[in-house]
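These are the residues of each chain, in order.
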Amino acid sequence: MTFRVLICDDSALARKQMARALPKRWTPEIGFAEHGRQALDMLRASAWDVLFLDLNMPEMDGYSVLGTITREDLPVMTIVVSGDVQPQAQARVLKMGALGFIRKPTQPEQVEALLREYGILRDDDGEWNDQPDDLKAAGLPTSETTEHGVVGFQEFLQEIANVAMGQASDLMARLLNAFIKLPVPKVARLARSELYMAISAADNRAAYSAVCQGFTGAGVAGEALLLFTDAHVRDLATLLGYDQEDSGEVALEVLMDLSSILFGAFIKSFGDQLNLKLSLGHPSVLGQHQPVAALLEHHGGRQEELQCIEIRYEIEGHQTQCDLLVVLTEDSIPHLEQQLQFLVE
Amino acid sequence: MSSEDADLHAFHWLADMVESVEVGLVVLDLDYRVQAWNGFMENHSGLTASRVHNRNLFDLFPELPKAWLVRKINTVVTLNTRTFTSWEQRPWVFRFRNTRPVTGIEEYMYQNLTISPLSGPHGSVEKVCLTVYDVTDMASSKRALEQANEQLMRLSVTDRATGLFNRVAWENLLEAEYERYFRYGHHAAVALLDIDHFKTINDTHGHLRGDEVILKTAQTMRENLRQADRPGRFGGDEFGIILPETDAEGARCICDRIRDHLSQFSVDAPSGTIQITVSVGVAALTESAQSYQQWLKQADSALYQAKEAGRNQVIVHS
């Protein structure tokens with residue numbers, strides 16, 4: 001009987017990366033699900049041996065899938081594959097019945113080690129054969145093997161951002177001693193003059209403060225921005241323990257502390273995944289106590305199409321959040337597209 | 001040259017670079033003892049590298065914000081990540097005197113600071129590097145710009161002589177008030193105030209006394225108005241007042257108080273005592289005003305009636 005592996009991830013790139021990370025000489029039957037609901041339907045319809053499950057997905061996330069598998073007692077070994085590397089996330093999924101946890105970006109060695117650890121893979125396994133792994137690629141749904149046009153590129157960026165976001169939130173969680181709820185990153189192309197629309201859920205009446213930091217390296221350049229509403233700055237100051245201090249500049253301290261670690265970790269992971277070394281400039285305060293539109297106002301006369309990545313970090317149990325916005329210059333896009341070719345070929 | 005010699009040379013160049021670069025470089029171990037201290041730090045602190053070596057940074061510089069800096073360094077060490085601070089948080093970390101006798105306008109050097117983790121061969125953080133940037137020029141020009149903008153903003157809306165809003169600014173406020181009325185339906189009134197026989201005062205007693213009367217009028221208006229009221233100088237001896245959240249009767253009452261207070265004052269001049277009286281026209285905003293200009297015209301016609309009826313009185317447009 002053929003071993004059956006189901007890969008569930010909303011990102012086509014991540015599904016592909018996961019399929020490729022399986023041991024080269026192992027050829028189980030591979031199935032794909034684009035979100036939790038689809039995975040559950042497939043698990044109910046027929047028996048699968050292993051499920052590789054992403055956590056942050058639209059429609060139905062990985063936590064809900066795990067819960068349902070336990071409730072319905074579906075016979076599958078689940079291994080969570082996630083960019084959310086907070087120790088708490090790991091502890092939660094193991095408690096919910098996952099067998100193991102693999103950090104994104106998926107490393108073949110780690111996958112093999114885990115498969116061996118649980119006896120899924122043995123040296124005398126009858127399913128080993130010497131066929132090259134492009135057979136696996138043939139099993140991919142056609143939508144992924146089509147041209148890497150705009151859609152493919154956006155998806156690629158979303159997945160890179162997803163992993164970088166996880167790295168950054170891990171540091172933030174440790175700094176704040178709290179669990180950070182991770183969203184699915186939003187990616188969009190916007191004209192410079194429309195940048196204020198990048199913060200999709202911005203409250204038009206609220207006053208915001210923002211810090212920005214430039215980065216550049218190997219043809220890729222951009223700016224990271226962190227935006228907070230003033231009300232949330234006060235909550236974060238309390239979480240950071242600044243409320244005891246006398247300084248009138250607490251808001252600035254919060255902005256600089258959080259932006260330092262979020263920008264640093266995000267940009268490093270973003271660069272690592274693309275094999276780029278990006279250098280960071282000194283951060284500066286973009287403005288305080290202003291509407292989002294004023295902070296992101298179009299200053300220059302140049303018309304430019306920007307690539308934006310928006311991430312809303314929510315701190316569990318504190319109703320506090322901040323928006324990370326990473327904006328890449330138009331000139332960076334061809335370089336990134338080239339990197340994409342390397343990653344998918 | 002052997003490769004060993006080449007390495008030695010390269011090391012010297014690197015050391016020279018670190019020594020002479022115009023940013024401060026400090027390496028601390030995890031007990032805050034100084035492990036490296038470059039030329040910039042020597043020159044600005046007056047302490048040589050050999051004197052500070054292996055000594056606790058906070059003992060050397062008791063004025064450092066210890067709790068603040070320790071907290072930042074701890075974050076860098078535990079999370080193995082760089083952190084940045086800006087002069088906007090604290091103008092300076094190391095209190096270095098400004099050294100520019102001619103162009104230096106600030107007392108101390110403004111600083112940005114980067115704290116970076118330095119890992120040992122096993123990958124764990126063993127030391128931290130503080131990079132100190134002199135941003136005095138940037139900070140002082142930014143502050144000068146802010147001050148200039150503030151001053152410009154003030155100047156562009158005020159009447160130089162009286163300190164009240166000038167005509168352009170006042171009319172803008174009037175227009176905004178007009179629009180607010182049609183959006184939210186709150187009451188609003190406008191008053192036009194004119195000093196009686198001002199031309200005669202000027203001709204009889206001279207321009208200096210005339211100016212004194214103008215100032216006295218502006219001062220009396222300010223003293224008798226509420227926080228939200230907006231007095232402006234409309235032209236020579238004519239003033240305007242925007243009275244938000246005020247109906248016709250309320251506006252009449254306030255304006256009459258101003259008129260009454262002014263009539264009790266007099267300005268002494270060699271050519272005789274000058275009695276100040278004013279005439280005021282008030283118009284409450286109603287649907288009948290098609291524009292703010294029309295609203296203003298209603299107040300103006302009430303003012304004309306006040307003049308016609310013998311001056312020193314307040315008339316409400318009806």
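In what follows, the structure referred to is the one given above.
As the structure is a computational prediction, the values presented were derived from the model and not from experiment.

Reading the values: rules and limits
- Residues numbered from 1 in each chain as written.
- Chains lettered and ligands numbered in written order.
- Predicted model: local features only at pLDDT ≥ 70, side-chain atom pairs only at ≥ 80, totals over all residues.
- Helix = DSSP H or I, 4+ residues; strand = E, 2+ residues; numbered from the N terminus.
- Buried ≥ 20, exposed ≤ 12 C-beta atoms within 10 Å, placed from the backbone.
- Contact = placed C-beta atoms within 7 Å.
- Pairing = 2+ DSSP bridges.
- Axes fitted to C-alpha atoms, helices over the stretch in contact; angles between N-to-C directions.
- Nonpolar A, V, L, I, M, F, W, Y, C, P; charged D, E, K, R; others polar.
- Expected span 1.5 Å × (residues − 1).
- Core = buried A, V, L, I, M, F, W, Y, C linked by C-beta atoms within 7 Å.
- Parallel < 35°, antiparallel > 145°, perpendicular 65-115°, else oblique.
- Left-handed = near helix turned anticlockwise from the far one by under 90°.
- Arc of directions from axis to C-beta.

Chemist: Outline the overall build of chain A, listing residues and values.
Modeler: Counting its secondary structure elements, chain A contains 12 helices and 13 strands. Put simply, chain A has 345 residues, and 40% of those count as buried. For chain A, long-range pairs separated by at least 24 residues make up 73% of all intrachain contacts whose partners lie at least 6 apart in sequence.

Chemist: So what's going on with the pairing of strand S6 (residues 188-195) of chain B? Which residues, and what values?
Modeler: Residue and element names in this part refer to chain B. Counted residue by residue, S6 has eight buried out of eight residues, so it is predominantly covered. Burial of the side chains of S6 extends over both faces: Ala188, Val190, Leu192 and Asp194 are buried on one face and Ala189, Ala191, Leu193 and Ile195 on the other. Summarising the sheet, S6 and strand S8 (residues 238-244) pair through seven bridges and their orientation is antiparallel. Opposite Val190, over in S8, you have Ile242 as the bridge partner.

Chemist: Which residues make up the sheet that holds strand S3 (residues 83-85) of chain B, and what are the values?
Modeler: Residue and element names in this part refer to chain B. Read across the open sheet, the five strands follow the order S2-S1-S5-S4-S3; overall the sheet is antiparallel. Two strands bound the open sheet, and with one partner strand each, they are strand S2 (34-37) and S3. Direction aside, the axes of adjacent strands within the sheet are offset by 20° on average. Relative to strand S5 (residues 125-134), strand S4 (residues 111-119) runs antiparallel, the two being bridged by nine bridges. Looking at the pairing, Gln111 lines up with Asp134 of S5. Strand contacts of helix H5 (residues 66-79): S3, S4 and S5, with the helix running at about 35° to S4, the strand carrying the most contacts.

Chemist: Can you explain the interface of chain B and chain A? Please cite residues and give values.
Modeler: In this assembly, 12 residues from chain B lie in contact with 16 residues from chain A. Where the side of chain B that touches chain A is concerned, the elements lending two or more residues are H5, S3 and S4 of chain B. Here the side of chain B that touches chain A takes three residues from S3(B), the largest share from any one element. By residue class, the composition of the side of chain B that touches chain A is two nonpolar, eight polar and two charged.

Chemist: Which residues make up helix H10 (residues 248-263) of chain B, and what values do they have?
Modeler: In this model H10(B) runs 22 Å from its N-terminal to its C-terminal C-alpha over 16 residues, within 8% of the 22 Å that 1.5 Å per residue would give. When we look at burial in H10(B), the residues that qualify are Ala251(B), Arg252(B), Ile254(B), Cys255(B), Ile258(B), Arg259(B) and Leu262(B).

Chemist: Quick one: what's the story with the nonpolar core, residue by residue and with numbers?
Modeler: With 120 residues, the main nonpolar core has Leu226(A), Leu227(A), Leu262(A), Phe266(A) and Leu324(A) as its most contacted residues. Per-element accounting of this core gives the leading share, 13 residues, to helix H10 (residues 250-273) of chain A. Dropping the residues within four chain positions of it, Leu227(A) is found in contact with Ile199(A), Tyr208(A), Ala210(A), Val292(A), Cys322(A), Asp323(A) and Leu325(A). In terms of nonpolar packing, the next biggest core, distinct from the first, is built from 45 residues, Leu174(B), Ala299(B), Ala306(B) and Val314(B) among them.

Chemist: With reference to specific residues and values, describe the sheet that holds strand S3 (residues 50-53) of chain A.
Modeler: Residues and elements named next belong to chain A. Spatially, S2-S1-S3-S4-S5 is the arrangement adopted by the five strands of the open sheet, whose pairing is parallel. The open sheet has two edge strands with one neighbour each: strand S2 (29-33) and strand S5 (100-103). For this sheet, the mean angle separating the axes of adjacent strands, direction not counted, is 20°. Across four bridges, strand S1 (residues 4-8) lies against S3 in parallel orientation. Counted as the bridge partner of Val5 is Val50 from S3.

Chemist: How would you sum up the pairing of S8(B)? Please name residues and give values.
Modeler: All names here are of chain B. For S8, the tally of buried residues reaches five of seven residues, placing the bulk of the element in the interior. With five bridges connecting them, strand S7 (residues 230-235) and S8 associate as antiparallel partners. If you follow Pro231 over to S8, its bridge partner there is Ile241.

Chemist: Break down the packing of helix H2 (residues 36-45) of chain A against helix H3 (residues 62-72) of chain A for me, with residues and values.
Modeler: All names here are of chain A. As a packed pair, H2 and H3 sit with axes 9 Å apart at the nearest point and diverge in direction by 25°. Considering the angle they form, H2 stands roughly parallel to H3. H3 is crossed by H2, and the crossing has right-handed handedness. Taking contact as the criterion, the partners of Gly36, Ala39 and Leu40 in H2 are, on H3, Gly62, Ser64, Val65 and Thr68. Residues that form the contact of H2 with H3 fall into these classes: three nonpolar, four polar and no charged.

Chemist: Which residues make up the packing of helix H8 (residues 198-205) of chain B against helix H9 (residues 207-224) of chain B, and what values go with them?
Modeler: Residues and elements named next belong to chain B. Running from amino to carboxyl end, H8 crosses H9 at an angle of 140°, the nearest separation of the two axes being 7 Å. Considering their axes alone, H8 and H9 lie oblique with respect to each other. Contact residues: Phe198, Ile201, Asn202 and His205 in H8; His207, Arg209, Gly210 and Val213 in H9. Looking at the contact of H8 with H9 residue by residue, the classes come out as three nonpolar, four polar and one charged.

Chemist: Give me H5(B): which residues, what numbers.
Modeler: All names here are of chain B. Its 14 residues place the ends of H5 20 Å apart at the C-alpha level, agreeing with the 20 Å of an ideal helix rising 1.5 Å per residue. Along H5, the positions that sit buried rather than exposed are Leu69, Lys72, Thr75, Val76 and Leu79. Projection of H5 onto a plane perpendicular to its axis shows the buried side chains occupying an angular sector of 120°, all on one side. When the buried face of H5 is taken as reference, the exposed residues oriented beyond 90 degrees from it are Ala67 and Asn74.

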